[in-house]
Amino acid sequence: MSKTTIDKIRHSLSADLDAMNTIIHESLATSSPLMGLVVEQYLRTKGKQIRPLLVLLSARLFGDINDSTLHAAASLEMLHNATLIHDDVVDNADYRRQTPTINKDFDNRIAVLVGDFFVSTALQEAIKTKDMQAVISVAELGKELSLGEIDQISNARERTIDETRYFEVISKKTASLFMKCVKMGAETVGAGQAETEALVEYARLLGLCFQIKDDIFDYYEDKEVGKPTGNDLRENKVSLPLIHAVNSTDGATSETMRALLLRGDLSDGEIALLIDFAKTHGGIDYSYEVMEAMQKKSDELLRKLPDNEWRDAFAELFEFTIRRHS
């Protein structure tokens, strides 16, 4: 599956995406020249917009996209961007997708305030759906995303090398957003509870796979990804490939790798050793096995949903997520 998969899905929803992006631009308009400058500059790089695509796809799967769908998609996309802006401050990141971050171009104070502005505007858009459950969902999601990030920081500080803890974090920081996207999209067109629940479980698996694949990128040199190899390890974040490699092997080398992770504050040479260890001791292969098992479960869930082109798009999106290169 190539990169054209996501392009095909985007093309099929291009009019709806354009309408949603117009809502985002209009809702973020302000009389503040500085805020306007920062927002305009930030919105020039949209990325793949996978989260709002999920909202729109889920609505199409069960019915026709309406104004509530578009406001829900805009709300979730702005909340997602708010978390990215704040994450860049937390991580002291200078670039995202090879584009300077707000905190690099301006400073942390402005980045935090712009992130807050996005959060508040996201809640305003949720209100425009005229569905209190949508507002509740966005508020709940904001809490869940924050908890995911703080748990990740806690795991890094504690030098946690535990697969269960890893999945707990990525469930909150990534999968929760995917789940809310399809749930809110389905609810805006009156989908039934059983079908909505099946799609939400699909989205949970998709979100987990999305984060696992994102973490795999950190084990390879790839300028498209926008972060240097081993960047997570520099922040004492241990992801699935290395967790599995360390916990599933015995011997002096494995103990040396564990000791390095427990110590933290790794040099470039030590990071290179750990990355090589994860690759040569099955960490990457195991991660793909986990994702492919989740994909198989997702196919079973999709068979419970209406048989149309939008269900096919969900299946293609899962394949794209596992095979993507950036």
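Details of the structure are given in the entry above.
Residues numbered from 1 in each chain as written. Predicted model: local features only at pLDDT ≥ 70, side-chain atom pairs only at ≥ 80, totals over all residues. Heavy atoms only, no water.

1. Overview of the side chain of Ser27
Now for step 1: In this structure, Ser27 sits in helix α2 (residues 14-27).
Now for step 2: Not counting chain neighbours up to four residues away, the residues in contact with Ser27 comprise Met78, Thr121 and Glu125. (Helix = DSSP H or I, 4+ residues; strand = E, 2+ residues; numbered from the N terminus. Contact = heavy atoms within 4.5 Å.)

2. Side note on the nonpolar core
The nonpolar side chains of a soluble globular protein tend to be buried, and buried together.
Now for step 1: In this structure, Phe118, Tyr202 and Leu242 are the most contacted members of the largest nonpolar core, which totals 101 residues.
Now for step 2: Sort the elements by how many residues they give to this core and helix α10 (residues 193-217) lands first, with 12 residues.
Now for step 3: Aside from chain neighbours lying at most four places away, what touches Leu242 is Tyr219, Leu233, Leu261, Leu274, Phe277 and Ala278. (Core = buried A, V, L, I, M, F, W, Y, C linked by side-chain atoms within 4.5 Å. Buried < 20%, exposed > 50% of the residue type's maximum accessible area, 1.4 Å probe, protein only.)

3. Here we look at the packing of aromatic side chains
Now for step 1: Considering all chains together, one arrives at 5 aromatic pairs under this definition.
Now for step 2: Ring geometry for Phe178 versus Phe210: centroids 5.4 Å apart, planes at 50 degrees, classification tilted. One end of the pair, Phe178, is in helix α9 (residues 163-187); the other, Phe210, is in helix α10, with 32 residues separating them in the sequence.
Now for step 3: According to the relative accessible area criterion, Phe210 is buried, its value standing at 8%.
Now for step 4: For the pair Tyr202 and Phe314, a centre-to-centre distance of 5.3 Å together with 80 degrees between the ring planes defines the contact as edge-to-face. Here the residue Tyr202 occupies a position in helix α10, and Phe314 occupies one in helix α16 (residues 309-323), the gap between them amounting to 112 residues.
Now for step 5: By relative accessible area, which is 0% here, Phe314 ends up buried.
Now for step 6: One aromatic cluster in this structure is built from Tyr202, Phe314 and Phe318.
Now for step 7: Its end group placed over the ring of Phe210, Arg51 keeps NZ or CZ at 5.0 Å from the ring centre. (Phe/Tyr/Trp six-rings, centres within 6.5 Å; stacked < 30°, edge-to-face > 60°. Lys NZ or Arg CZ within 6 Å of the ring centre and 35° of its normal.)

4. Here's the deal with empty space enclosed by the protein
Now for step 1: One pass over the full model with this rule turns up 2 cavities of 30 Å³ or more.
Now for step 2: Of the pockets and cavities examined, the largest cavity occupies roughly 100 Å³.
Now for step 3: Lining the largest cavity we find 13 residues, and of these Leu43, Lys46, Gln49, Glu77 and Asn81 sit closest to its centre.
Now for step 4: Those elements that provide at least two residues to the lining of the largest cavity are α2, α3 (33-43) and α5 (67-90).
Now for step 5: For the lining of the largest cavity, the residue count by class is 5 nonpolar, 5 polar and 3 charged.
Now for step 6: The calculated volume of the second largest cavity comes to roughly 30 Å³. (1 Å grid on protein atoms, 1.4 Å probe; cavity = no way out; pocket = protein on both sides within 12 Å on 5 of 7 lines; lining within 4 Å. Points joined across faces, edges and corners; volume = space filled by probe spheres on them. Nonpolar A, V, L, I, M, F, W, Y, C, P; charged D, E, K, R; others polar.)

5. Topic: the layout of surface pockets
Now for step 1: By volume, the second largest pocket amounts to about 220 Å³.
Now for step 2: Lining the second largest pocket we find 13 residues, and of these Gln41, Tyr42, Thr45, Thr99 and Pro100 sit closest to its centre.
Now for step 3: The set of elements that each furnish at least two residues to the lining of the second largest pocket consists of α3, β2 (99-100) and α6 (102-105).

6. Quick look at helix α7 (residues 108-127)
Now for step 1: Between its terminal C-alpha atoms α7 stretches 29 Å, which fits the 28 Å expected from 20 residues at 1.5 Å a residue.
Now for step 2: Every buried residue of α7 is accounted for by Ala111, Val114, Gly115, Phe118, Thr121, Ala122, Glu125 and Ala126. Along the axis of α7, the buried residues cluster in a sector spanning 145 degrees; they form a single face. Exposed side of α7, more than 90 degrees from the buried face: Arg109, Leu113 and Ile127 are the residues found there.
Now for step 3: The inward-facing, buried residues of α7 contact α2, α3, α5, α6 and α8 (132-157). (Expected span 1.5 Å × (residues − 1). Arc of directions from axis to C-beta.)

7. Some details on the environment of Leu205
Now for step 1: Along the chain, Leu205 falls in helix α10.
Now for step 2: Residue Leu205 is classed as buried on the basis of its relative accessible area of 4%.
Now for step 3: In this structure, the C-alpha to C-alpha distance between Leu205 and Met294, residues 89 residues apart in sequence, is 6.0 Å.
Now for step 4: If near-sequence neighbours (up to four positions away) are discounted, Leu205 is found in contact with Met294, Lys297, Ser298, Leu301 and Phe318.

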